[in-house]
Amino acid sequence: MRKTIRLLYPDYVSGGLDTYYFGANLLAHILPKNENQPLLKVEIPPPDGKERSVTDGIYAKEEVLAGIKNAMAVINEAKPDRIITIGGNCVVSQAPFDYLHGIYENTGIIWIDAHPDVSTVKDDYPNAHAMVLGSLMGYGDSSLSDLMKNRKFKADEILYVGLQGLHDYQKNFLQDAGVDFKVQTEEFVSDEEIRTFMNRFEHILVHLDIDVLDAALFHSTYFANKNLVGDGSGSGKMTMEKLTAVLKCITDNADVVGLTIAEYLPFDEHKLHDMFSEINIFID
């Protein structure tokens, strides 16, 4: 029996929002219970309300790097065969995907996301959660990519599902890197396309960004909060039913050795928690 761990990795500084921390911890309780999958935690200091500075184009750079290194240490000590990563924001995929790539050479990535996550420090968006897939490909900032211990992922080892409209710099990056992508504003990639991609590999890694869901239908996403603008990108367009079908297509037809769930942002639940935290009967 393969060893599967659940890695609770509540990084929030890479996305600049405290709710990432709250959301990751809540998500750990939402997932189905399985006593055969021990929950291991990457120690991230809880939010303190302080603003961080941008260093070399990366917000809270030292904390971001420390989180990745801590995740690597937890994984290397556990030596799992499969990893379910509970984020936090998208940067949480770097350490587990790199580790799993060291075990399973013939491995593809299915990136279920409204956004490509290939930003660089030159693109004037300092939050590292938008840089992670570029880093896994070896094109990220050297401080991120150099942490990787194994072979970088190739352009033809990546399939985007749910990708929405791109900024010019993102489109140029993907074209220059040789990634075969399709913007899916009108129609998602088909199950047949997904299976054709998976058939080329012995193992699959899945990165699920919750913001692939339509914010008008599912409200625990970045784009459901009208006060946030990020890098100017828009919401995903996927329904829960479609996402369920996509995940079933993948997991029923491939050996999925890594699954990341990222960018779960339960804003209302976080506000409720904060409200009760100020009520005497709960804190006396």
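Residues numbered from 1 in each chain as written. Predicted model: local features only at pLDDT ≥ 70, side-chain atom pairs only at ≥ 80, totals over all residues. Heavy atoms only, no water.

**Things to note about the pattern of salt bridges**
Cut-off, in case you're wondering: Criterion for a salt bridge: a side-chain nitrogen of Lys or Arg within 4 Å of a carboxyl oxygen of Asp or Glu. The numbering of helices and of strands both runs from the N terminus, where a helix is a DSSP run of H or I of at least 4 residues and a strand a run of E of at least 2. Whether a residue is buried, partly exposed or exposed follows from its accessible area with a 1.4 Å probe, protein chains only, as a fraction of its type maximum: under 20%, in between, or over 50%, in that order.
Under the defined criterion, the tally for this structure stands at 7 salt bridges. Notably, a salt bridge pairs Asp255 with Arg2, separated by 2.8 Å at the nearest N-O pair. Taken together, the residues Asp255 in the loop between α8 (240-253) and β9 (256-262) and Arg2 in the segment before β1 (4-9) connect sequence positions 253 residues apart. Owing to a relative accessible area of 22%, Asp255 belongs among the partly exposed residues under this scheme. Judged by relative accessible area, Arg2 falls into the partly exposed class, the value being 35%. The partner of Arg151 in a salt bridge is Glu157, with the nearest N and O atoms 3.4 Å apart. Taking the relative accessible area as the measure of exposure, Glu157 reaches 7% and is therefore buried. Linked by salt bridges that have partners in common, Asp48, Arg52 and Glu63 make up one network.

**Section: the packing of helix α2 (residues 61-78) against helix α3 (residues 94-103)**
Here is the rule we go by: Only C-alpha atoms enter the line fits that serve as axes; for helices the fit covers just the stretch in contact. Angles between N-to-C directions range over 0 to 180 degrees. These descriptions rest on fixed angle ranges, namely under 35 degrees for roughly parallel, over 145 for roughly antiparallel, 65 to 115 for roughly perpendicular, and the rest for oblique. Left-handed describes a crossing whose near helix is turned anticlockwise from the far helix through less than a right angle; right-handed describes the clockwise counterpart. By the convention used here, residues are in contact when the closest approach between their heavy atoms is within 4.5 Å.
Put simply, α2 and α3 touch, their axes get as near as 8 Å, and they point 40 degrees apart. Here α2 lies oblique to α3, going by the angle between them. Judged by the twist between their axes, the crossing of α2 over α3 is right-handed. Counted together, Ile68, Ala71, Met72, Ile75 and Asn76 of α2 and Gln94, Ala95, Pro96 and Tyr99 of α3 form the full contact between these two elements.

**Looking at the side chain of Asp113**
Test applied: When charges are tallied, Lys and Arg are placed among the positive residues and Asp and Glu among the negative ones, while His and the ends of the chain are skipped. Counting of polar contacts relies on pairs of N or O atoms within 3.5 Å, with two restrictions inside protein: one atom must be capable of donating a hydrogen and the other of accepting it, and residues adjacent in sequence are counted only when both atoms are side-chain atoms.
Within the secondary structure, Asp113 is located in the loop between β6 (107-112) and α4 (132-136). Despite its burial, Asp113 pairs with no opposite charge; the closest candidate is Lys237, at 13 Å N-O. Among the polar contacts made by the side chain of Asp113, one reaches the side chain of Trp111 at a distance of 3.3 Å. A polar atom in the side chain of Asp113 sits 2.9 Å from the backbone nitrogen of His115. Excluding residues that lie within four positions of it along the chain, Asp113 makes contacts with Cys90, Val161, Gly162, Leu163, His207, Asp209, Asp211 and Val212.

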